[in-house]
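One-letter residues, chain by chain:
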Amino acid sequence: MSELKKEDFLLFLDHVTMQFGGLVAVDDFHNGVKPGELLGLIGPNGAGKTTVFNVITGIYTPTKGRVYFAGMDITGLRPHIITHLGIARTFQNIRLFHNMTVLENVLVSQHHALTNSDADRILKKHGMPVKRTGRFWFWKAILKSPGYINLEKHMVKEAEELLEKVGLLDVKNEKASALPYGMQRKLEIARALATEPKLILLDEPAAGMNPQETEELMEFIVRIRDEFKVTVLLIEHDMKVVMGICERIIVLDYGKIISEGTAAEVSSDPKVIEAYLGEWENVS
Amino acid sequence: MPMEKRLSTKTKIYLTIGLIIVGALLLWGSNYWLESYGQRILKLIAVYGVLAVSYTFVNGITGMFSLGHAGFVAVGAYVSALLTMSPMEKEMSFILEPLIWPLNSIQTDFLTATIAGGIAAAIFAFAIGYPSLRLTGDYLAIVTLGFSEIIRLIALNAQNITNGALGLKGLTEYTNIWWAWGWLLITVVVIASLTYSSYGRALKAIRDDDIAAEAMGINVFKHRLLAFVVSGFFAGIGGSLYAHLLTTIDPRPTTIGVFLTFYLLIMIVLGGLGSITGALIGAALFAILSEWLRIFESNITIGSITIKGIPGMRMVIFSTLFVVTMLVWRRGIMGMEEITWDKLYNWLLRFRKKGQTAEPEPKRGDVDE
Ligand SMILES: Nc1ncnc2c1ncn2[C@@H]1O[C@H](COP(=O)(O)OP(=O)(O)OP(=O)(O)O)[C@@H](O)[C@H]1O
Ligand SMILES: [Mg+2]
């Protein structure tokens, strides 16, 4: 394999290892996501896919290696800062703000632009546009200053536009927990998009859906990628699901990258077939 | 479900101003209509209201399980009492050990003392929150309970500041209807304004799922601390009102200790955890019932039979009522909902609809989507 250069990637994991006690959940991961691509990360149960996400988003600090994003070393930064810098995610088990409405769920994702001055300093240092505009929002929010009222209107407008695009505007005043399952999955994606990310990480968004819903969701993800101009890293357990939409696929097994390439290349790789063999036998 | 109608912001502002004016008139009238006993309950409602609303901001809105509220109430109570007492009164009270300089020689008005009490309590909240707010759930509950107990023990032992077990007695009863209800208004306006802002949404997001909140870019620790400090500030304000209503403050657990926290917990859980109007309802019920139930502690004479009152009986009855209410309403009277103008309006529409067949057409301009 030719040498990978981190400059070619939007997100790059440089020899990242994540160990939990004696268990090596991610083992020397050395690859990344290129700008604009739709990359699939697949692998059998317990392969370490979610752990890769947790390392990228700062929930875990890697035992070894470094994580680079848009020219910044983000290794060990706290999750809210990493989100502010431009990486958003969804969760394998839906984690919505269930007592809040659909609209409020999306509005929450805009809040970081009011407060994270520490993250803005990092953006500034790397010559990137900062998100925070204006100061003292806390006091303005209490006093309901004209500036704050305008901001609030602006936030609601943006959130409603976003909900319109993903087809959830009709249910904006419903409690998140009252939505049917498929819509909850969509709302999680919408909420992640509302942070205005450059890169969005989707952890098994099709889990628990039937084949038709799954297909619709995959089309939805492609549309999102084009419309919001985001780069997508998609975890999926079932390889067949992502074959149609991913330009490139990385296959993980026991924490190691065992194969990488186009859907056709990966699915004919003997190592991949072997890794999935046990599962396919169980299913059929 | 029928479409819910919404009132315009302007209408709601007018209605709110109207409510405040009517409320003020009623409070003014209470000077004439109510005995001093009734007035006392009225003041107690407001003081409990300040304490309950500030408490539910942490426990209900932000979803942290704090059991330390009484500690901040105590700080506010002592600081303000030490500021309103005259140097003369202080010299007479501190008989075991004199009060240290400069506290022994300064005196301020009630407003300054109350704000100072609030600020002092906010500083304590910051100092306690900073090390402990990385904990959650039961751990946080234990740690905050411990800290409030430490504050009480300091009050008990720092003889030359707090007058120890003797406490501060003979305070002027500054907490009149206007101070009590005025501060309640300020507390509700500030807490509600925060709750219904981007900050409030962030706090509720933390309550619902702190991991997801963090993943959406919210600095969870910073926001928890913020809520804790704001809550501490108003607990301190409430403490000042409380001290100058009781006219005495001492370090017994029932006055400023764990009992007070539990009473407040009952109020906010009864009203509905996460609801500001719920906290107010809880506070009012607690103030009224705990006074009214006192009759069960005094001797009752029916004909020739005299039933001897049992001390502490009212809390037994109150607790029973509390348990029954919670069994019926599971999530408290209000749940996480609020009483809003929109809801009252829709309720009124439905109520009128029952009387007449046609639904009254709302006037244009009065209603927006
Ligand atoms: N916090 C943790 N502590 C200990 N072990 C962990 C932790 N998180 C993950 N693991 C372990 O790391 C391994 C990889 O888990 P991970 O959740 O990343 O797998 P996955 O590929 O997402 O699997 P699935 O398809 O089931 O979601 C598993 O063996 C898991 O038990
Ligand atoms: Mg997983």
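This report concerns the structure included in the present document. (Residues numbered from 1 in each chain as written. Chains lettered and ligands numbered in written order. Predicted model: local features only at pLDDT ≥ 70, side-chain atom pairs only at ≥ 80, totals over all residues. Heavy atoms only, no water.)

1. Some words on the overall build of chain B
Threshold: The numbering of helices and of strands both runs from the N terminus, where a helix is a DSSP run of H or I of at least 4 residues and a strand a run of E of at least 2. This radius of gyration counts C-alpha atoms alone. The globule rule is 2.2 Å times how many residues there are, raised to the power 0.38. Buried residues are those whose accessible area, probed at 1.4 Å on protein chains only, stays under 20% of the maximum for their type, while exposed residues exceed 50% and partly exposed ones sit between those limits. What makes two residues a contact is simply this: any of their non-hydrogen atoms within 4.5 Å. Charge counting treats Lys and Arg as positive and Asp and Glu as negative, with His and both chain ends excluded. The atoms used to mark charge sites are NZ of Lys, CZ of Arg, CG of Asp and CD of Glu.
When its secondary structure is counted, chain B shows 16 helices and 2 strands. Computed over C-alpha atoms, the radius of gyration of chain B comes to 22 Å, within 12% of the 21 Å expected from 2.2 N^0.38 for 369 residues, which places it in the range of a compact globule. C-alpha atoms of chain B, sized along the principal axes, occupy 75 × 65 × 40 Å. Counting all 369 residues of chain B, 50% fall into the buried class. In chain B, the share of contacts with a sequence separation of at least 24, taken over all contacts with a separation of at least 6, comes to 78%. Side chains of chain B carry 28 positive and 24 negative charges; the gap between the two charge centres is 5 Å.

2. Comments concerning the coordination of the magnesium ion (ligand 2)
This is how it is decided: A donor here means an N, O or S atom no more than 2.8 Å from the metal, or no more than 3.2 Å when the metal is Na, K or Ca. Since water is not included, a site may seem to lack partners.
Looking at the magnesium ion (ligand 2), the protein donor atoms are A:Thr50 (OG1) and A:Gln92 (OE1), and they sit 1.9 to 2.1 Å from it. Here the residue A:Thr50 occupies a position in helix 1 (residues 49-56), and A:Gln92 occupies one in the loop between strand 6 (87-89) and helix 3 (102-108), the gap between them amounting to 42 residues.

3. Details of the interface of chain B and chain A
Here is the rule we go by: Defined in terms of a 1.4 Å probe, buried area is the accessible area two parts forfeit on being brought together, summed over both. We define a salt bridge as a side-chain nitrogen of Lys or Arg found within 4 Å of a carboxyl oxygen belonging to Asp or Glu. Each polar contact in these results corresponds to two N or O atoms within 3.5 Å; when the atoms are within protein, one needs to be able to donate a hydrogen and the other to accept it, and residues that are neighboring in sequence are counted only if both atoms are side-chain atoms.
Contacts between the two partners involve 32 residues from chain B, matched on the other side by 36 residues from chain A. Counting each side, the surface lost to burial between chain B and chain A is near 2900 Å², with a carbon and sulfur contribution of 58%. The largest share of the area that chain B buries against chain A comes from B:Tyr199, B:Arg201 and B:Met216, three residues that together contribute 26% of it. Viewed at the interface, chain A and chain B are joined by 3 salt bridges. A:Arg95 serves as the salt-bridge partner of B:Asp209, at 2.8 Å between the closest nitrogen and oxygen. Connecting chain B to chain A are 17 residue pairs in polar contact (both at pLDDT 80 or more). Contributions of two or more residues to the side of chain B that touches chain A are made by helix 8 (177-195), helix 9 (198-208), helix 10 (210-215) and helix 11 (220-246) of chain B. Here the side of chain B that touches chain A takes 8 residues from helix 9 of chain B, the largest share from any one element.

4. Observations concerning the packing of aromatic side chains
All names here are of chain B. How we decide: The aromatic pairing rule takes the rings of Phe, Tyr and Trp, using the six-membered ring of Trp, and pairs them if the centres are within 6.5 Å, calling planes under 30 degrees apart stacked, those over 60 edge-to-face and the rest tilted.
Counting across every chain of the model gives 16 aromatic pairs over all chains. Geometrically, the ring pair formed by tyrosine 48 and phenylalanine 286 is edge-to-face, given 5.5 Å between the ring centres and 85° between the ring planes. Taken as a pair, tyrosine 48 in helix 2 (residues 36-61) and phenylalanine 286 in helix 14 (residues 276-292) lie far apart in primary sequence, 238 residues in all. Plain terms: the ring middles of tryptophan 347 and phenylalanine 351 are 5.7 Å apart, the flat faces sit at 15° to each other, and that makes the pair stacked.

5. As for the packing of helix 5 (residues 110-132) of chain B against helix 6 (residues 137-157) of chain B
Residues and elements named next belong to chain B. The criterion, for reference: Orientation is described by axes fitted as lines to C-alpha atoms, over the contacting stretch for helices, and by angles from 0 to 180 degrees between their N-to-C directions. The sense of a crossing depends on the near helix, which, turned anticlockwise from the far helix by less than a right angle, makes the crossing left-handed and, turned clockwise, makes it right-handed. Side-chain classes are defined by residue name, with Ala, Val, Leu, Ile, Met, Phe, Trp, Tyr, Cys and Pro counting as nonpolar, Asp, Glu, Lys and Arg as charged, and the others, Gly among them, as polar.
Axis separation between helix 5 and helix 6 bottoms out at 11 Å; the angle between their running directions is 145°. Judged by the sense of rotation from one axis to the other, the crossing of helix 5 with helix 6 is right-handed. Here helix 5 contributes Phe124, Ile128 and Ser132 to the contact with helix 6, which in turn contributes Leu140, Val143, Phe147 and Ile151. Looking at side-chain class alone, the contact of helix 5 with helix 6 contains 6 nonpolar, 1 polar and no charged residues.

6. Some thoughts on the sheet that holds strand 3 (residues 38-42) of chain A
Residues and elements named next belong to chain A. Rules: Two strands make a pair as long as DSSP finds a minimum of two bridges between them.
The strand order across the open sheet built from 6 strands is 6-7-8-3-9-10, with neighbouring strands paired in mixed fashion. Sheet topology places strand 6 and strand 10 (256-261) at the edges, where each strand pairs with a single neighbour. Within this sheet the neighbouring strands show an average axis-to-axis angle of 20°, counted without direction. Alignment of strand 6 against strand 7 (residues 199-203), held across 3 bridges, turns out to be parallel. Its bridge partner lying in strand 7, arginine 89 is registered against leucine 201. The strands that helix 1 touches are strand 3, strand 6, strand 7, strand 8 (231-236) and strand 9 (248-253); relative to strand 8, the one it contacts most, it runs at about 145°. On the sheet, helix 8 (residues 181-193) packs against strand 6 and strand 7 and is oriented at approximately 155° with respect to strand 7.

7. Focus: the site of ligand 1
Residues and elements named next belong to chain A. Convention followed: Nearness of a residue to a molecule or strand requires only that one of the residue's heavy atoms be within 4 Å of it. Surface accessibility in these figures is a Shrake-Rupley result with a 1.4 Å probe; residues are shielded only by whichever protein chains are displayed.
Lining the immediate surroundings of ligand 1 are 13 residues, of which Lys49, Thr50, Thr51, Tyr60 and Gln92 lie closest. Between alanine 47 and ligand 1, the recorded distance is 3.1 Å, taken from a backbone N or O atom to an oxygen atom. Considered on its own, ligand 1 offers 640 Å² of accessible surface; in the complex 65% of this is hidden by protein. Contributing elements (two or more residues each) for the shell around ligand 1: strand 2 (23-33) and helix 1. It is helix 1 that contributes the most residues to the shell around ligand 1, 3 residues altogether. Its residues placed into classes, the shell around ligand 1 shows 5 nonpolar, 6 polar and 2 charged.

8. Focus on the side chain of A:His80
By the secondary structure assignment, A:His80 is in helix 2 (residues 79-85). Relative accessible area serves as the criterion here: at 0%, A:His80 is assigned to the buried category. Ignoring sequence-local partners within four residues, the contact set of A:His80 consists of A:Asn116, A:Asp118, B:Glu214, B:Gly217, B:Ile218 and B:Asn219.

9. Concerning helix 8 of chain A
Put simply, the rule reads: Each helix should span, by expectation, one fewer than its residue count multiplied by 1.5 Å.
Here helix 8 of chain A contains 13 residues, and its C-alpha end-to-end distance of 19 Å stays within 8% of the 18 Å for a straight helix at 1.5 Å per residue. Listed as buried for helix 8 of chain A are A:Gln184, A:Arg185, A:Leu187, A:Glu188, A:Ile189, A:Ala190, A:Arg191, A:Ala192 and A:Leu193. On its buried face, helix 8 of chain A sits against strand 6, helix 3, helix 7 (146-166), strand 7 and helix 9 (211-228) of chain A together with helix 10 of chain B.

10. Overview of a negative patch on the surface
All names here are of chain A. For clarity, the threshold we go by: The residues that make up patches have over 30% relative accessible area and no salt bridge, and they are joined within 9 Å when like-charged or within 5 Å when they are Val, Leu, Ile, Met, Phe, Trp or Tyr.
There is a patch of like negative charges on the surface, built from Glu213, Glu215, Glu216 and Glu219. Here glutamate 213 shows up in helix 9. For glutamate 213, a relative accessible area of 36% puts it in the partly exposed group.

11. What to know about the sheet that holds strand 5 (residues 72-73) of chain A
Residues and elements named next belong to chain A. The 4 strands are arranged 2-1-4-5 in an open sheet whose pairing can be described as antiparallel. Both outer strands of the open sheet, strand 2 and strand 5, are each paired with one neighbouring strand and no more. Both strand 1 (residues 11-20) and strand 2 contribute to a ladder of 7 bridges, which runs antiparallel. Within strand 2, the residue paired with leucine 11 across the bridge is valine 33. Packed on one face of the sheet, helix 1 meets strand 1, strand 2 and strand 4 (64-69) and runs near 115° to strand 1.

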